[in-house]
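Notes for the structure review
If you want the building blocks of each chain, they are given just below.
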Amino acid sequence: MALVLSPAGAAVRECTERCGAELRSSSPHFAFREAKGTAAWRCLPVLALGVLVGRRRNTKRLRSQCACILRAQPVEHETDVVLIGSGLGSLSCAAVLAAAGRRVTLCESHYRLGGACHTFTAEVGSVGEFHFESGPSLYSGLSLTESPSQLKHVLQIIGKEPEWIRYDRWNAFLPEGEVNVAVGYQEVVNKLLPKYGGADAIVQWQKLMKELKPMSDALYNAPPFGALRDDNWVAVTMGRFFRRVLPILGLPGGAARLSQPFEAFLDETGVTDDFVRNYLSLFSFLLQGLPSYGSPTSMMAYMMADLYRKGGTCLDYPKGGSEAIVQALIDGIEEQSPSAEILTKAHVDEILVENGRACGVRLSNGTIVRASEAVVSGADIGITQGLVKSQAPELEQFFQGLPGEHCPDFPAQWGVVNDWADLEAPRNVVLVSVPSLLDSGFAPEGFHSLHAYTPATEPWQDWQGLSRSSAEYKEKKKEAADFLYKAIERQVPDIRSRVVFEQVGTPLTHERFLRKPKGAYGWRVLAGSNLPGHSTPLPGLYICGDSTSPGIGVPSAAMSGHICANNILSVSEHWSLLDRIPDWHYELDM
């Protein structure tokens, strides 16, 4: 048997002064193997688990596919736009700019591209090579040709995307019991509510969906977010979709009701059933990073539309893992802009400012990359602020306030909730993903890789100041791993006896490899609050990524990069790229 287990990091619970936001820290991961000659449980005859966190990854797989990835050399060069970081925000921004003909240079500190969205490998003795995810594992809307997905739109603009594996089931272990349902609404209504809800749970659910339907319909069929930009020309680029805008403008309560916390909407609608409220709060927490009291109603209305889309819905997984998404973006950048340079181990020490304008970056090895048009930072805004070493008083106020395979009995993903009282409590909620159940190339035959993590709820202060070589740090990693193992054991009771490889990551791992303050996963922003936009008061300096609007998560990061690129492009260039996004319209069964 083989096992790979890795708790990756912690969440910052400490409040900050930025927009009432709070840093959310990283999570743990796991990988496991299927064992031969052993009695099966569920529909996986034999499994072994390995724990993986913060492991250095072999870079040959990505480098061999993209000749433009280079190690930064101390030679000055010029480009149109230089981008800092290679997370989905920066990659999306670079892709859209490249599609418009811009020369782009992307500087990544790490030897791996993708930020939190990357895959890494580990060799386990004579067993073979395992692949592990270090970040996102749940994707949807990407296998559709006509899709409202923000990331899909970026991929369509560059004409590149991975092969998508579609699947339809997710599992969770809640205080009430196991919840194994198909993606969509039918099994929630027909299976979960009768089993765990109160006498009128179904009636309350249906009333809620009726109230949400106008919002869900309008938002799901809204203009592409790629039509947005931060200047007044947004009236032109959004205006081409005015027929899609009209239903939003006609919603009762307008923007105020869309932005109100979903918990308030539940109260208004008269939803009192404990299970319905808890289940939707968990749904909100997993997708937005905050329970119902902190998530906007608009986000939940959009997600409910996805569940109720006529013709059915599903989850998507990129064949080859999250790295395949990164590779598609890199391929698109290289194809659209042959002069593009994507640099690894290119740590940016300073954003250069001359004559009151951002004009390039200085790398730690002395290289200067000059940008004729713009500098885009996909780093955390706190890191970005520190990179502007020249006096830029206009920025001071801006930066302040800121089985062998997936099957119904053994889904590739599951979650564990130990207590409904506080979903954000440390070590309460755990998410588990087994990508090798979807893509067999992730592990040798007879084995599986597994990624288990907490959703950014680990207190930073518990890890702050620890030496990575200290006995105390190693002991705390063992404690974190034990907690994650207990969550995996809900689905795989004998997991510990099956492990052949284990690696554990912590908030310090995120701080080191992702250049995240306090090992953060992103900013905790309550409904009604906003993160900064993408244009700064310093001419030539733009920002994107999870510390800018609209926030954390794959769709939001891609959207931030896309909107950031739009701000650099002329209106005519922006308009032309929108022609590459297929139109869509979906009816809802709500």
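This text goes with the structure placed above it.
Reading the values: the criteria
- Residues numbered from 1 in each chain as written.
- Predicted model: local features only at pLDDT ≥ 70, side-chain atom pairs only at ≥ 80, totals over all residues.
- Heavy atoms only, no water.
- Buried < 20%, exposed > 50% of the residue type's maximum accessible area, 1.4 Å probe, protein only.
- Helix = DSSP H or I, 4+ residues; strand = E, 2+ residues; numbered from the N terminus.
- Contact = heavy atoms within 4.5 Å.
- Phe/Tyr/Trp six-rings, centres within 6.5 Å; stacked < 30°, edge-to-face > 60°.
- Lys NZ or Arg CZ within 6 Å of the ring centre and 35° of its normal.
- Pairing = 2+ DSSP bridges.
- Axes fitted to C-alpha atoms, helices over the stretch in contact; angles between N-to-C directions.
- Patch = residues over 30% accessible without salt bridge, like charges linked within 9 Å, V, L, I, M, F, W, Y side chains within 5 Å.
- Areas by Shrake-Rupley, 256 points an atom, 1.4 Å probe, with all protein chains shown as cover.
- Salt bridge = Lys/Arg side-chain N within 4 Å of Asp/Glu carboxyl O.

The next point concerns helix H11 (residues 297-307). Residue pairs spaced three or four apart in an α-helix point in one direction, given the helix's 3.6 residues per turn. Here H11 lies mainly inside the structure; 10 of its 11 residues are buried. Three or more residues of H11 are buried, namely Thr297, Met299, Met300, Ala301, Tyr302, Met303, Met304, Ala305, Asp306 and Leu307. Looking at the packing, one finds that the buried side of H11 touches helix H5 (201-220), helix H8 (254-259), helix H9 (262-269) and helix H10 (274-288).

The next subject is the packing of aromatic side chains. As enumerated under the stated definition, the model contains 12 aromatic pairs in all. A centroid spacing of 5.2 Å and a plane angle of 50 degrees characterise the contact between Tyr220 and Tyr302, whose relative ring orientation is tilted. Remark: Tyr302 occurs in helix H11 and Tyr220 occurs in helix H5; sequence separation between them is 82 residues. Tyr302 matches Tyr220 in its accessibility class, with the two residues each being buried. Ring centres of Trp463 and Tyr473 lie 5.8 Å apart, and the angle between their planes is 80 degrees; this geometry places the pair in the edge-to-face category. In this pair, Trp463 is assigned in the loop between strand E20 (451-453) and helix H15 (471-489) and Tyr473 in helix H15, connecting sequence segments 10 residues apart. Judged on exposure class, the residue Trp463 and its partner Tyr473 are both buried. Here a set of aromatic residues connected by ring pairs shows up, and it is made of Phe120, Phe130, Phe132, Phe447 and Phe501. Above the face of the Trp463 ring, Lys476 is positioned so that its terminal group lies 5.1 Å from the ring centre.

Turning to the sheet that holds E20, a few remarks are in order. Strand order in this open sheet of 5 strands is E12-E11-E18-E19-E20, and the pairing throughout is mixed. If you trace the sheet from one side to the other, it starts and ends with strand E12 (177-182) and E20, each paired once. Strand-to-strand twist in this sheet, taken as the mean axis angle between neighbours without regard to direction, amounts to 15 degrees. The pairing of strand E18 (residues 413-417) with strand E19 (residues 429-433) spans 5 bridges and is classified as antiparallel. The partner of Gln413 across the bridge, within E19, is Ser433. Against the sheet, H15 engages E18, E19 and E20, with an angle of about 65 degrees to E19.

We now examine a nonpolar patch on the surface. On the surface, a cluster of nonpolar side chains totalling about 300 Å² of accessible area is made up of Trp233, Val236 and Trp575. Mapping Trp575 onto the fold places it in helix H18 (residues 571-578).

Attention shifts here to the pairing of strand E11 (residues 169-174). Within E11, 6 of the 6 residues are buried, which leaves the element mostly enclosed by the surrounding structure. Bridge analysis of E11 against E12 gives 6 bridges, and the strand direction is antiparallel. Pairing of Arg169 across the sheet is with Ala182, part of E12.

What the rule picks out here adds up to 22 salt bridges. In this structure, Asp583 engages Arg244 in a salt bridge whose closest nitrogen and oxygen atoms are separated by 2.2 Å. Given a relative accessible area of 54%, Asp583 falls into the exposed group. Note that Arg496 is salt-bridged to Glu489, the shortest N-O span being 2.6 Å.

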